[in-house]
Amino acid sequence: MPRLRRLEAWLDYAAEMGATGLALGPIFAASTHGYDTIDHLRIDPRLGDDADFDALVAAARARGLRLLLDGVFNHVGRDFPAFAEVLRLGPEAPRAHWFRLSWPRGPGAEPDYACFEGHRQLVALNHDEPEVATYVEGVMTHWLARGADGWRLDAAYAVPPAFWARILPRVRATHPEAYLVGEVIHGDYAGFVAESGLDAVTQYELWKAIWSALNDRNLYELAHALERHNGFLDRFVPLTFVGNHDVTRIASRLANPRHLGAALAVLFTCGGVPAIYAGDEQGFVGIKEERAGGDDAIRPEFPATPAELPAEGWPLYRLHRELAGLRRAHPWLHRARIRIDHLANRQMVACPQADGQGLLLALNLDDAPAALPAPRGRAVEAGDGQVIDPGAAGARVLVPPHAWAVLSFA
């Protein structure tokens, strides 16, 4: 069965968990791992064909799931036809200007060329060239017209923001509802969004602060990151996560597995578009290594159907479903700012709030129970805790060791 078709067996699983979309890795014809594209307009034959893509779109839409494609537009593979022409014809190749080339050994030898982070198999495009902009725009609109709902722009940080600013308005002219998010690891997130015209970028600052603060039991680090996150929300709504295909699995990253629920509680109660990396909802483990094949452990092959998953992962799946349900019950969380009401190294009470509504999130990373202030706290909506004197100005919540609770308040 084509690999794209195999995804259909997982769509009910994703929808029942509370997901609203499916983000794919690269699906276009490539030489090896997908990020060395050779034809952006053809489905990689290892995955299927156009009919398989159309079937996936239809099956996803039948379940209310949107489809986000992975757009690798910073670089291409060495077998990309325009670059193959360069290797064959030299400086006279018709599309040599699509790349940043130099010919120190003369026109009869292979040129030097800009590449992605030192990887010679990934040839960087020349984003100052109008023909490259036209090409990328055409690829994006082609697949949006075929049923995709948006693009994750791979290595967006390596592309000049002005390039995106040139092409995205033209993409939106025909597909105004498309969601366009860029992979940006560090730097000025808000400035990049403003200059590029993207809807969002990946919120790596918060990702790092969540697991680092939990590991060090230093919630001041998390509070600082949440305050910065509030500032980002004044400008755009970031894509938030505790795991993705480029980092060590959250279940492996956390020093104490009892803190996994706390990481998820933060993710699902702060403003943003929370994304779950496939397998994290089952507690998959895997450590990323900086070597050839170093991503293999974090990108395992899945079984044919969810029924073949080990039994021990399902309680965590149900926790994801519970927190996704909490978020759907409070849609204002999409743009919620966090107010910190109580803070110590190992305890925090935070109040996500927007549109005149709010919740309380209580974290206790200590080895003993903690009675934390929860003014007007009324009832526990998720997690583990007991409200003392519910609804009163002096209400508290008793949170067990290494636990968390989300509370409604009067």
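The structure we're discussing is the one just above.
Each chain carries its own residue numbering, running from 1 in the direction its sequence is written. Only residues with pLDDT of at least 70 get local features here, since the model is predicted, and only at 80 or more are side-chain atom pairs given and counted; chain-wide, interface and lining totals rely on the full set of residues. Side-chain descriptors were evaluated using all non-hydrogen atoms of the structure, hydrogens and water having been removed beforehand.

Focus: the sheet that holds strand 19 (residues 370-373)
By this definition, two strands are paired if DSSP reports at least two bridges between them. In this text, helices come from DSSP runs of H or I with a minimum length of four residues, and strands from runs of E with a minimum of two, each type numbered from the N-terminal end. Ordered by their spatial adjacency, three strands build an open sheet running 19-22-21, and the pairing between neighbours is antiparallel. Strands with a single pairing partner mark the edges of an open sheet, and in this sheet they are strand 19 and strand 21 (386-388). Taken over all neighbouring pairs, the strand axes of this sheet differ in orientation by 30° on average, direction set aside. Angles shown run from 0 to 180 degrees and are taken between the N-to-C directions of axes, each axis being a line fitted to C-alpha atoms and, for helices, limited to the stretch in contact.

Some words on unusual backbone geometry
The phi torsion at Arg-217 lies on the positive side, around 50°, for a residue other than glycine. Tracing the backbone through its elements, the reader meets Arg-217 in the loop between helix 8 (204-216) and helix 9 (219-233). The backbone of Asp-389 sits at a positive phi, close to 60°, despite the residue not being glycine.

A look at the pattern of salt bridges
Side chains that differ in sign of charge can pair as their charged atoms come close. Here, a salt bridge means any Lys or Arg side-chain nitrogen found within 4 Å of an Asp or Glu carboxyl oxygen. Within the structure shown, the criterion is met by 28 salt bridges. With its nearest N and O atoms 3.9 Å apart, the salt bridge here joins Arg-5 to Glu-8. The classification of residues rests on relative accessible area computed with a 1.4 Å probe and restricted to protein chains. Under 20% of the type maximum is buried, over 50% is exposed, and intermediate values are partly exposed. Using a relative accessible area of 25% as the deciding quantity, one classes Glu-8 as partly exposed. Two residues, Glu-183 and Arg-152, come together in a salt bridge whose shortest N-O distance is 3.2 Å.

Here we look at the pairing of strand 15 (residues 337-343)
Where strand 15 meets strand 16 (residues 347-354), six bridges bridge the pair, whose relative direction is antiparallel. Across the sheet, residue Arg-337 finds its bridge partner in strand 16, namely Gln-353. Following strand 15, the chain reverses through three residues before pairing antiparallel with strand 16.

Thoughts on the sheet that holds strand 10 (residues 150-153)
Ordered by their spatial adjacency, five strands build an open sheet running 1-4-10-11-12, and the pairing between neighbours is parallel. With one partner strand each, in any of the chains shown, strand 1 (21-23) and strand 12 (200-201) form the two edges of the open sheet. Taken together, the four bridges between strand 4 (residues 66-71) and strand 10 define a ladder with parallel strand orientation. By the bridge assignment for strand 10, Asp-70 is matched with Arg-152.

Examining the packing of aromatic side chains
In this scheme Phe, Tyr and Trp rings, the latter by its six-membered ring, pair at centre separations within 6.5 Å, and the angle between planes marks the pair as stacked below 30 degrees, edge-to-face above 60, and tilted otherwise. Following the criterion strictly, the structure yields 22 aromatic pairs and no others. Measuring from ring centre to ring centre gives 5.3 Å for Phe-163 and Trp-164, while their planes differ by 75°; the resulting arrangement is edge-to-face. The same class applies to Phe-163 as to Trp-164, namely buried. Taking 6.3 Å as the distance between ring centres and 25° as the angle between the ring planes, the aromatic pair formed by Trp-207 and Phe-241 counts as stacked. Separated by 34 residues along the polypeptide, Trp-207 in helix 8 and Phe-241 in strand 13 (residues 239-241) bring together distant segments of the chain.

Quick look at the environment of Glu-85
Looking at the element boundaries, Glu-85 is found in helix 4 (residues 81-89). For Glu-85, a relative accessible area of 15% corresponds to the buried category. Between the C-alpha atom of Glu-85 and that of Ala-96, which follows or precedes it by 11 residues, the distance is 7.8 Å. Once residues within four sequence positions are removed from consideration, Glu-85 is found in contact with Gly-90, Ala-93, Pro-94 and Arg-95. Within the structure, Glu-85 has its side chain in polar contact with the side chain of Arg-95 (distance 3.0 Å). For this analysis, residues touch if any pair of their heavy atoms sits within 4.5 Å. Any N or O atom pair separated by 3.5 Å or less is treated as a polar contact, with the protein-specific requirement of one donor-capable and one acceptor-capable atom, and with residues adjacent in sequence counted only for side-chain atom pairs.

What about the nonpolar core?
Residues belong to one nonpolar core when they are buried, are Ala, Val, Leu, Ile, Met, Phe, Trp, Tyr or Cys, and are joined through side-chain atoms within 4.5 Å. Counting residues in each nonpolar core, the largest one holds 107 residues, and the members touching the most others are Leu-69, Phe-99, Met-140, Trp-151, Trp-164 and Leu-222. When neighbours within four sequence positions are excluded, Leu-222 is seen to be in contact with Leu-206, Ala-209, Ile-210, Ala-213, Val-266, Met-348 and Leu-363.

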